[in-house]
Amino acid sequence: MTILAPGGVSPLRTPTARRYLMCRPDHFEVSYAINPWMDPARPVDRARAVQQWEGLRATYERLGHRVELIEPVPGLPDMVFAANGGLVVGGRALGARFTHPQRTAEGPAHLARLRRAGLQHVVEPTHVNEGEGDFVVVGDRVLAGTGYRTDPGAHAEAAAALDVEVLSLELVDPRFYHLDTCLAALDDSTIAYYPPAFSARSRDLLEALYPDAVLADAADAEVLGLNFVSDGRNVVITQEAVGLVAALRGAGWTPVPVDLSELLKAGGSVKCCTMELRG
Ligand code: ARG
């Protein structure tokens, strides 16, 4: 149901204060290629990446959210993508286990950090899973991606470890190698996604479950516009996704555009930089 605000123009959206975990890109670079976005021959401006990341962090704080940090580790250039470090729901965490050897050491670093986050329960994973990269929480349900990184066995592992319903989705386009590159939650029952990134079966499932979803087009998906973070009203999103920004505004959300162009060179955007510590 859509609730209209006084005046009847835009639907009423309610933001809730969040707790995020981020990692400053102090050691960011593109020195290997593990997704089609990464080209080690293309220069990266680390100082600019840090500046853009600081802009994102300040944006969250201005919106009333709490940002906690994990210490960046030298030699782990992708560690800025904190979303990949685990999945936290209801005060319980499932740690990550990375697909590529270049990122393996991020798993234990995040596990140690999550153990200091005041959670009830932190589980070390047995199956490969790249945290919130492939797990998107939508209300009481967790949508889980597989195809490029996270092992389907990790979906059942997450359901058991966190006591949540997990629904598997299959990714079919290597540019959208993590679920959070092509699908995001706007609130507890609304999502936005890019249909061509999913198998026909997964697409049918999404259509049936979320008939009111906001659909992104190729241009918005190709700048990782769907890699956004919503608090139920404010949607922090890359400024490059102009079509999606307009569509969200038209649907009553409040887009908050940010510039993360340096991090896009590694195949990441807003959501990739942000792990949510829930409950
Ligand atoms: N270069 C990183 C990788 O390929 C980017 C990770 C982006 N993170 C995300 N949550 N999608 O693993």
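Described in the following lines is the structure provided in the data block. Numbering of residues starts from 1 in each chain and follows the order in which that chain's sequence is written. Local features are withheld for residues below a pLDDT of 70 in this predicted model, meaning they are given only at 70 or higher, and side-chain atom pairs are given and counted only at 80 or more; totals for whole chains, interfaces and linings count all residues. Processing note: side-chain calculations cover all non-hydrogen atoms of the structure and skip hydrogens and water entirely.

Further remarks concern the overall build of the chain. Tallying secondary structure elements over the chain gives seven helices and 15 strands in all. Its C-alpha atoms give the chain a radius of gyration of 17 Å, near enough to 19 Å, the size a compact globule of 279 residues would have. By principal-axis analysis of the C-alpha atoms, the chain measures approximately 55 × 40 × 40 Å. We call a residue buried when its accessible area falls under 20% of the maximum for its residue type, exposed when it is over 50%, and partly exposed in between, using a 1.4 Å probe and counting protein chains only. For the chain, the proportion of its 279 residues judged to be buried stands at 57%. Between two residues, a contact is recorded if the distance between any of their heavy atoms is within 4.5 Å. Considering only contacts within the chain whose residues lie at least 6 apart along the sequence, 69% involve residues at least 24 apart. Each accessible area is a Shrake-Rupley estimate made with a 1.4 Å probe; only the visible protein chains count as cover when residues are assessed. Of the roughly 11,300 Å² of accessible surface on the chain, 51% is carried by carbon and sulfur atoms. For the purpose of counting charges, residues Lys and Arg are taken to be positive, whereas Asp and Glu are taken to be negative. His and the chain ends are not included. A single reference atom marks each charge: NZ on Lys, CZ on Arg, CG on Asp, CD on Glu. A gap of 4 Å separates the mean positions of the 26 positive and 35 negative side-chain charges of the chain. Secondary structure follows DSSP: runs of H or I at least 4 residues long count as helices, runs of E at least 2 residues long count as strands, and numbering of each begins at the N terminus. Atoms counted for the radius of gyration: C-alpha only. Globule rule: 2.2 Å times the number of residues to the power 0.38.

On to the site of the ligand. The ligand sits among 16 residues. The nearest are Asn35, Arg103, His178, Asp180 and Cys272. Residues adjacent in sequence count toward polar contacts only when both atoms are side-chain atoms; beyond that, a polar contact is any pair of N or O atoms within 3.5 Å, and within protein one must be able to donate a hydrogen and the other to accept it. Within the side chain of Asn35, an N or O atom sits 2.7 Å from an oxygen atom of the ligand. Taking His178, its side chain carries an N or O atom lying 2.8 Å from a nitrogen atom of the ligand. Class assignment for the residues of the shell around the ligand results in six nonpolar, six polar and four charged. Neighbouring residues are identified by heavy atoms, a residue being near a molecule or strand if any of them is within 4 Å of it. As a working rule, the residues Ala, Val, Leu, Ile, Met, Phe, Trp, Tyr, Cys and Pro are called nonpolar, Asp, Glu, Lys and Arg charged, and the rest polar, with Gly in that last group.

Attention now goes to the nonpolar core. It is characteristic of soluble globular proteins that their nonpolar side chains tend to be buried jointly. Core analysis: the biggest nonpolar cluster contains 39 residues, and Leu143, Leu183, Phe198, Leu206, Phe228 and Leu244 have the highest contact counts within it. Going through the elements one at a time, strand E6 (135-138), strand E8 (165-170), strand E9 (183-185), strand E10 (191-193), strand E13 (234-238) and helix H6 (242-250) are the ones with two or more residues in this core. Beyond its immediate stretch of four places on either side in the chain, Leu206 contacts Leu143, Leu169, Leu183, Ile191, Tyr193 and Phe198. As used in this record, nonpolar core signifies buried Ala, Val, Leu, Ile, Met, Phe, Trp, Tyr and Cys residues forming a set joined through side-chain atoms within 4.5 Å. Core analysis: the next-biggest nonpolar cluster, separate from the first, contains 24 residues, Tyr32, Val80, Phe81 and Ala266 among them.

This part takes up the environment of Ala221. In this structure, Ala221 sits in helix H5 (residues 218-221). C-alpha separation for the pair Ala221 and Leu87, spaced 134 residues apart in sequence, amounts to 23 Å. With residues near it in sequence (within four places) discarded, Ala221 still touches Trp37, Phe176 and Tyr194.

One face of the sheet, then the other: side chains in a regular strand alternate in exactly this way. Looking at chain direction, E13 and strand E14 (residues 254-258) are connected through five bridges and run parallel. Bridge pairing in E14 links Asn234 to Thr254. For crossovers, right-handed means that the path from the first strand over the helix to the second runs clockwise, given strands pointing away from the viewer. Once the chain exits E13 it traverses H6 before rejoining the sheet at E14, and the crossover so formed is right-handed. Any two strands with at least two DSSP bridges between them are considered paired.

A word on the sheet that holds strand E5 (residues 121-123). Sheets are built from strands paired through backbone hydrogen bonds, the pairs being either parallel or antiparallel. Read from one edge to the other, the open sheet built from three strands follows the order E3-E4-E5, with strand pairing classed as mixed. Unpaired on one side and paired on the other, strand E3 (86-89) and E5 mark the two borders of the sheet. Across the sheet, the mean angle from the axis of one strand to that of its neighbour is 15°, orientation sign disregarded. Inter-axis angles, ranging from 0 to 180 degrees, are taken between N-to-C directions of lines fitted to C-alpha atoms, where helices are fitted over the stretch in contact. The sheet strands contacting helix H2 (residues 106-115) are E3, strand E4 (92-95) and E5, and the helix crosses E5 at an angle near 170°. Its contacts with the sheet put helix H3 (residues 152-162) on E3, E4 and E5, and the angle it makes with E4 is roughly 155°.

Attention now moves to H2. Every buried residue belonging to H2 is among Glu106, Gly107, His110, Leu111, Arg113 and Leu114, and all of these are buried. Along H2, the residues classed as buried sweep out an arc of 165° about the axis, all on the same side. Taken together, the buried residues of H2 touch strand E1 (19-22), strand E2 (66-69), E3, E4, E5 and strand E15 (275-276). The directions considered for the arc are those from the helix axis to the C-beta atoms.

Of note, His110 is situated in helix H2. For the pair formed by His110 and Ile70, sequence separation is 40 residues and the distance between their alpha carbons is 7.6 Å. Contact partners of His110, with chain neighbours within four places excluded, come to Leu21, Ile70, Ala82, Gly85 and Met275.

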